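Next come the chains, spelled out residue by residue.
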Amino acid sequence: MRHLLAIDDLSRDDLEEILDLTSSMVEVSGRSIPKVPALRGRTVVSLFYEDSTRTRLSFDSAAKRLSADTMSFAVSSSSISKGESIRDTVETIEAMGMDAIVVRHGYSGVPAQIARWTQASVVNAGDGWHQHPTQALLDSYTIRDHLGDLEGRRIAIVGDVVHSRVARSNIEAFNRLGASVVLVAPPTLLPSALSSWPVEVTEDFDSVIPELDVCYLLRIQRERASEALVPSLREYTARFGLTAARARRLHSKALIMHPGPMNRGVEIAGDVAEQDNAVVAEQVANGVAVRMAVLFLLLGPGRAGAASQSVFEPVGIEEI
Ligand code: CP
């Protein structure tokens, strides 16, 4: 694997290899000193043109747990604010030495374009409405961790699908791993051409709730004006929110998931987000391990190295 740009680039075997390796990274993350020498001497740069809490911090944490050097790039305080182009920015960072660049941008396709300009590995950390592949990997891992397998599982993705790179990535990953996906949304929050998507679609949230293994809520994306596509947030919540009454109709082992940040009281009730079967915090924790696996596969010693124990041996306290 040279880059990670989209779930579409990964076969089922590739997905399962990443999820298997994530289990090793979860074990590393649970150690008293969660650090191994696997990527010592490698440099990972974060280039985020859009805001982020979870993705940016977890890539940073993942790189550090693998002993890579990190550089984080704040767009607002960089020469981008003086008009420097993306290409010149990337070439400038590359001249300082980097092995991987983690990119988030508001326009679809920017990470793929950067991959054509650089020798470094590029990881898509979210591009426009297009893809957010590591989100799909951490969500798949979280489901597998709880339910054992995605094969034959019934997953609802509920809400603002049209603006959602998370939905596009997750539909592909869940489908490839054997789950069936039903989209639950008003027509205004669905893409106009859905015929090629491997999904069912309904507006009737209440009818699908009892059959679900996973109820995955999407954020109403206020920054992408999704509020303007529903009559009111109150009406949206009444028809498409996971209220306490709806959550009671899920079967007892069904998982409640959300990529964050949540709009509590809109797509998910505040109390529902705190239930035992709501695994939002686990999704975040697994995000670090999944990103460790991705960086290791891109920059590490390859499959032979993954089989070797030495890269996962603890770093001595004197080496930190
Ligand atoms: N889920 C997600 O991508 O969150 P951030 O925007 O905080 O990175």
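Residues numbered from 1 in each chain as written. Predicted model: local features only at pLDDT ≥ 70, side-chain atom pairs only at ≥ 80, totals over all residues. Heavy atoms only, no water.

## Focus on the sheet that holds strand β3 (residues 100–105)
The parallel open sheet is built from four strands, whose spatial order is β2-β1-β3-β4. Only two strands of the sheet have a single neighbouring strand rather than two, namely β2 (69–74) and β4 (121–127). Strand-to-strand twist across the sheet, computed as the mean angle between neighbouring axes with direction ignored, equals 15°. Contacts from helix α3 (residues 86–96) reach β1 (43–48), β2 and β3 within the one sheet, and its direction differs from that of β1 by about 160°. (Pairing = 2+ DSSP bridges. Helix = DSSP H or I, 4+ residues; strand = E, 2+ residues; numbered from the N terminus. Axes fitted to C-alpha atoms, helices over the stretch in contact; angles between N-to-C directions. Contact = heavy atoms within 4.5 Å.)

## Structural notes on the packing of aromatic side chains
According to the stated counting rule, one finds two aromatic pairs in the structure shown. Seen in terms of ring centroids, Phe174 and Tyr216 are 6.5 Å apart; in terms of plane orientation they differ by 65°. Their pairing is edge-to-face. Separated by 42 residues along the polypeptide, Phe174 in helix α6 (residues 165–176) and Tyr216 in strand β8 (residues 214–217) bring together distant segments of the chain. For the ring pair Tyr236 and Phe240, a centre distance of 5.6 Å and an interplane angle of 35° mean the geometry is tilted. Of this pair, Tyr236 and Phe240 both sit in helix α8 (residues 233–240), four residues apart, which is roughly one turn of the helix. Note on Phe240: relative accessible area 2%, which makes it buried. (Phe/Tyr/Trp six-rings, centres within 6.5 Å; stacked < 30°, edge-to-face > 60°. Buried < 20%, exposed > 50% of the residue type's maximum accessible area, 1.4 Å probe, protein only.)

## Overview of the domain arrangement of the protein
Quite often, the size of an interface is put as the accessible area lost when its parts meet. What the domain assignment reports for the protein is domain 1 (7–132 + 285–319) and domain 2 (133–282). Look at where the C-alpha atoms of domain 1 and domain 2 centre, and you get two points 26 Å apart. Taken together, the contact pairs 33 residues of domain 1 with 29 residues of domain 2. Summed over both sides, the interface of domain 1 with domain 2 buries roughly 2,800 Å², with 55% coming from carbon and sulfur. The three residues of domain 1 that bury the most area against domain 2 are Leu19, Trp129 and His132, which together make up 28% of that side's buried surface. In this assembly, domain 1 and domain 2 are joined by four salt bridges. The partner of Glu151 in a salt bridge is Arg12, and the shortest N-O contact between them spans 3.0 Å. In this structure, the connection of domain 1 to domain 2 is made through 21 residue pairs in polar contact (both at pLDDT 80 or more). Counting residues per element, the ones that place at least two in the side of domain 1 that touches domain 2 are α1 (12–29), α2 (54–65), β3, β4 and α10 (280–299). The element best represented in the side of domain 1 that touches domain 2 is α1, accounting for nine residues. (Domains from an automatic or database assignment. Buried area = accessible area lost by both parts, 1.4 Å probe. Salt bridge = Lys/Arg side-chain N within 4 Å of Asp/Glu carboxyl O. Polar contact = N/O pair within 3.5 Å; in protein donor to acceptor, adjacent residues only side chain to side chain.)

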